[in-house]
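Reading the structure
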Amino acid sequence: MSPADTGASTVMGAATSLPSPDSRMAPGGPGYRRMSLALFLAGVATFALLYSTQALLPLISGEFGVAASEASWTVAAATGGLALFVLPMSALSERFGRRTVMTASLAVAVTVGMLVPFAPSLGVLVVLRALQGAAVAGVPASAQAYLAEEVRPKALVTAIGLFVAGNSVGGMSGRVITGWVAQEWGWRIAVGVVGAIAVACAVAFRLLLPAPRHFSPGSLRPRVLARTVRDHLADPLLRRLYAIGALFMTVFGGVYTVIGYRLTEAPFGLPQGIIGSIFLVYLVGTVSASTAGRLVGRLGRRGALYLAGGTTATGLLLSLAASLPLVLLGLVLITAGFFAGHAVASSAVSKTATTGRAQASALYQSSYYVGSSVGSTLGATAFHASGWAGTVGVGVLAVLGVVTITLLGSRAARVATRREPVGAH
């Protein structure tokens, strides 16, 4: 039965139909370095654009005369657009090709990015950011499928790791660059600089990425896609993993959307450039995500999730202090816990889904970015109503949700274990 008949992604079909796996790329082989650099740059462009306004929210609030809860929509709209369009983009990439969809996505996103600095009102800015998020959805929806088809299995983890590194570097650098540029020339010039960097990355991506050699087009059949999505959503474990990803991102989105407001106020009063540099804490997340595999090996998936949730909660409570070193330590722990939890949950999705893995991954990304949008909005609203303690309260509730869902998973696993010997006979 074909992948289209089963609902499986064409990634699996392409991999199994290859006449020789040796024809795919591997480290040291032709095209591998170009491919790695191209996707790294695509990740940089995508996430620099996606979060380009997050470090600038106090300045945006000041120019348009709005509260944090309203300015936060410039972040929530972008991540929400990505969440809504990542699944349709994954389907388009099955039909028209991964490179084609990624190229078109970046082209539209950078074009919109060059219009963002000229937004005459907050409403227009939010609309442009939503369009930007919807456009860039084609990159995460297609990149991993491209790698699965064009890279040898033994090199796949390393290749995906480079793409994820580009994501984190883009997200971090976009915030840091905008912080320092905005301090001197304002937020409009800052997002314009990020847009120009993204244009350069997008052009280099298209010139560097090797043409696909192992892509097999699939059909755009809504019924097949709907059936695959329905099957994934019917799986209790996948539902729990999607919810965990969304809840972790609710914490992260809320904290990093509001932290700029927190640090501009007394008793800190930090300048915009220093606030932007706070996002260098992301480097801690890169380390914690890379060690998640070892955590799972020692503690199991649920044990690793408990540890990630506990670390995040500890960081949230520390951030309540009026001491800058303790706030920074809190951010370190929040970031480490979030990235570890995200890495554990996302990798579990790939292992759990036996068919339609591209759609399973897209559903996880969709829920993940819904969490980002919800966290940005709720965190900013809570800050407006109750200060930083309100934002921390939202985060703590989200962590409790992660722990509760993980406990339910442990209970379901125990029940399944007790029933297994009966079923075996």
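Just so we're clear, the structure is a prediction, and the values are computed from it rather than from any experiment.

**Details of helix H4 (residues 57-64)**
- The complete set of buried residues in H4 reads Leu 57, Pro 58, Ile 60, Ser 61 and Phe 64. Seen end-on, H4 carries its buried residues on one side only, within an arc spanning 165°.
- Lining the buried residues of H4 we find helix H5 (68-71), helix H6 (73-96), helix H8 (122-136), helix H11 (187-208) and helix H13 (236-264).
- Just beyond H4, the residue with positive phi is Gly 65, at close to 65°.

**Details of the confidence of the model for the protein**
- When pLDDT is averaged along the protein, the result is 84; 87% of the residues meet or exceed 70.
- Highest mean pLDDT in the protein belongs to H8 (95); lowest belongs to helix H1 (residues 3-6) (39).
- Long-range and interchain partners of residues 1-21, a stretch whose pLDDT sits below 50, account for 40 contacts in this model, where long-range means more than four residues apart.

**A short note on a positive patch on the surface**
- A cluster of like positive charges, contributed by Arg 302, Arg 411, Arg 414 and Arg 418, occupies part of the molecular surface.
- When residues of the positive patch are assigned to their parent elements, the largest contribution, three residues, is made by helix H19 (residues 388-424).
- Tracing the sequence through the fold places Arg 418 in helix H19.

**With respect to the side chain of Ser 105**
- Examined against the element boundaries, Ser 105 turns out to sit in helix H7 (residues 98-115).
- By relative accessible area, Ser 105 is classed as buried at 3%.
- Ser 105 has contacts with Met 89, Ala 135, Gly 138 and Val 139, leaving out every residue within four places of it along the chain.

Reading the values: rules and limits
Residues numbered from 1 in each chain as written. Predicted model: local features only at pLDDT ≥ 70, side-chain atom pairs only at ≥ 80, totals over all residues. Heavy atoms only, no water. Buried < 20%, exposed > 50% of the residue type's maximum accessible area, 1.4 Å probe, protein only. Helix = DSSP H or I, 4+ residues; strand = E, 2+ residues; numbered from the N terminus. Arc of directions from axis to C-beta. Contact = heavy atoms within 4.5 Å. pLDDT = per-residue confidence, 0-100. Patch = residues over 30% accessible without salt bridge, like charges linked within 9 Å, V, L, I, M, F, W, Y side chains within 5 Å. Areas by Shrake-Rupley, 256 points an atom, 1.4 Å probe, with all protein chains shown as cover. Salt bridge = Lys/Arg side-chain N within 4 Å of Asp/Glu carboxyl O. Lys, Arg positive; Asp, Glu negative; His and termini not counted. Charge placed at Lys NZ, Arg CZ, Asp CG, Glu CD.

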